[in-house]
Amino acid sequence: MAGKYKAVALAFAAVVIGGATAMAQQVGTATAVNPNSESTPPGGSTIRLTVGARVVHKERIHTSPTGSVQLLFVDQSTLNIAPNTNLLIDEFVYDPASGNGHMLTKLTQGTLQYIGGKLSHEGAVTIATPAAAIGIRGGIGTVEHSTTIGTQAFNQNGWMTITNGAGTIGTRPGFIVTIMNWNTPPGHPERITKEHVIHYIEYLSSKFTQDGGVPGLKQLDTANFACGTYSTTPCPKPPWLPTNTGENDALRIIIQSTQRATQPTPPPQIETDSFVRPR
């Protein structure tokens, strides 16, 4: 009889463990995926990431040298993930009724761009790297980390606060800060160059022949410039348009998010940077 109870207990434990991934809190959706990109949910196996996939709390995302991902979170923020990037959605808490919560993403390697949603309006978003914790309030920020350069934080819009074991500084749009490691003070904010901006746009965008996981997306720009959006010539219904509602929604999100992410940031009105260091 004891052996029977033991077998039942083990079977129950297997169900609980196996169901952990299924019960994990969904915090977002993959709205664009270029191969090869993978995700590892908590307690689960690493799988190939596809458009429309659920993104859950404590999920790890990894992109290959050709992979890239765009995630849309439930607070309407987006995360663009470049090739050769490893990150963890470490914390995501959001109450739609009050708009309160917080988000913590841990970037261990690579480049990401965060585009603010409702949580960032409250200053409750942090991108953590081995060299610093970067707080983003109400804006857009690009963060890169590698073993050679440390962390570079580029403020594109809003206010960015950078903290590590050696101090804290704040920086405004149009400036980039380099942080070598956790015990070295963040560097002096430097005005971003045109070459830097172009580099990040190209690195975070889908490459030629890539479609973000949505068949036919490669033809989107050509169609828009030839008719409709940028012309008086009406556009025929594209024959490649997906019939699945989920794919339609993902395509619309990709278009809107890409347009928002690539809008130029107006240059600051004053030349001197704004930052503070603790005494």
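In case you missed it, the structure is sitting above this.
Residues numbered from 1 in each chain as written. Predicted model: local features only at pLDDT ≥ 70, side-chain atom pairs only at ≥ 80, totals over all residues. Heavy atoms only, no water.

Just give me the short version of unusual backbone geometry, but keep the residues and values in it.
Backbone torsion omega between proline 35 and asparagine 36 reads -5°, so that peptide bond is classified as cis. A positive phi angle is found at glutamine 76, which is not glycine, with a value near 75°. Topologically, glutamine 76 is positioned in the loop between strand 6 (68–73) and strand 7 (78–81). For glutamine 76, a relative accessible area of 48% puts it in the partly exposed group. A positive phi angle, near 55°, is found at asparagine 84, a position not held by glycine. Judged by relative accessible area, which is 32%, asparagine 84 ranks as partly exposed. (Helix = DSSP H or I, 4+ residues; strand = E, 2+ residues; numbered from the N terminus. Buried < 20%, exposed > 50% of the residue type's maximum accessible area, 1.4 Å probe, protein only.)

Tell me what's going on with the environment of asparagine 36, and back it up with residues and numbers.
Among the secondary structure elements, asparagine 36 is positioned in the loop between strand 1 (26–34) and strand 2 (37–40). Residue classification places asparagine 36 among the partly exposed positions, given a relative accessible area of 35%. Sequence spacing of asparagine 36 and leucine 49 is 13 residues, and the spatial spacing of their C-alpha atoms is 8.0 Å. With residues near it in sequence (within four places) discarded, asparagine 36 still touches Arg48, His62, Thr63, Ser64, Thr66 and Gly67. A polar side-chain atom of asparagine 36 sits 3.3 Å from a polar atom in the side chain of arginine 48. (Contact = heavy atoms within 4.5 Å. Polar contact = N/O pair within 3.5 Å; in protein donor to acceptor, adjacent residues only side chain to side chain.)

So what about the packing of aromatic side chains? Which residues, and what values?
Taken as a whole and assessed by the stated rule, the structure comprises two aromatic pairs. Seen in terms of ring centroids, phenylalanine 73 and phenylalanine 92 are 5.3 Å apart; in terms of plane orientation they differ by 15°. Their pairing is stacked. Of this pair, phenylalanine 73 sits in strand 6 while phenylalanine 92 sits in strand 8 (residues 86–95), and the two are 19 residues apart along the sequence. Taken individually, phenylalanine 73 and phenylalanine 92 each receive the classification buried, so the pair is uniform in this respect. Consider the rings of phenylalanine 154 and tyrosine 200, whose centres lie 5.9 Å apart with planes at 20°: the pair is stacked. Linking phenylalanine 154 in strand 12 (residues 150–164) with tyrosine 200 in helix 4 (residues 194–204), this pair joins segments that are 46 residues apart in sequence. (Phe/Tyr/Trp six-rings, centres within 6.5 Å; stacked < 30°, edge-to-face > 60°.)

Residue-level account of the side chain of histidine 145, with values.
Within the secondary structure layout, histidine 145 lies in strand 11 (residues 133–146). Looking at histidine 145, the relative accessible area reads 9%, which means it is buried. Within the structure, histidine 145 has its side chain in polar contact with the backbone oxygen of glycine 150 (distance 3.2 Å). At 2.8 Å, the side chain of histidine 145 and the side chain of threonine 151 are in polar contact. With near-sequence residues (within four places) excluded, histidine 145 lies in contact with Leu107, Thr108, Gln109, Gly110, Thr129, Pro130, Ala131, Gly150 and Thr151.

Go over the nonpolar core, please, and point to the residues and values.
One finds Leu71, Phe73, Leu79, Leu87, Ile89, Phe92 and Ile162 to be the most contacted residues of the largest nonpolar core, which totals 34 residues. The residues touching isoleucine 89, leaving out its near neighbours within four places in the chain, are Val27, Val55, Val56, His57, Lys58, Glu59, Leu71, Phe73, Leu79, Leu104 and Thr105. (Core = buried A, V, L, I, M, F, W, Y, C linked by side-chain atoms within 4.5 Å.)

Residue-level account of the pairing of strand 13 (residues 167–171), with values.
Burial of strand 13 is extensive: four of the five residues sit out of reach of the surface. Summarising the sheet, strand 12 and strand 13 pair through five bridges and their orientation is antiparallel. By the bridge assignment for strand 13, methionine 160 is matched with threonine 171. With antiparallel pairing between neighbouring strands as the criterion, strand 12 and strand 13 make up a hairpin whose turn holds two residues. (Pairing = 2+ DSSP bridges.)

So, the pairing of strand 2: which residues are in play, and what are the values?
Residues Ser37 and Ser39 point to one face of strand 2 and are all buried, whereas Glu38 and Thr40, pointing to the other face, are not buried. In terms of strand pairing, strand 2 meets strand 5 (residues 60–63) through four bridges, oriented antiparallel. Bridged to serine 39 within strand 5 is isoleucine 61. As paired elements, strand 2 and strand 3 (residues 47–48) share two bridges and run antiparallel to each other. Its bridge partner lying in strand 3, glutamate 38 is registered against arginine 48. Here strand 2 hands over to strand 3 after six residues, with glycine 43 in that stretch at a positive phi of 75°.

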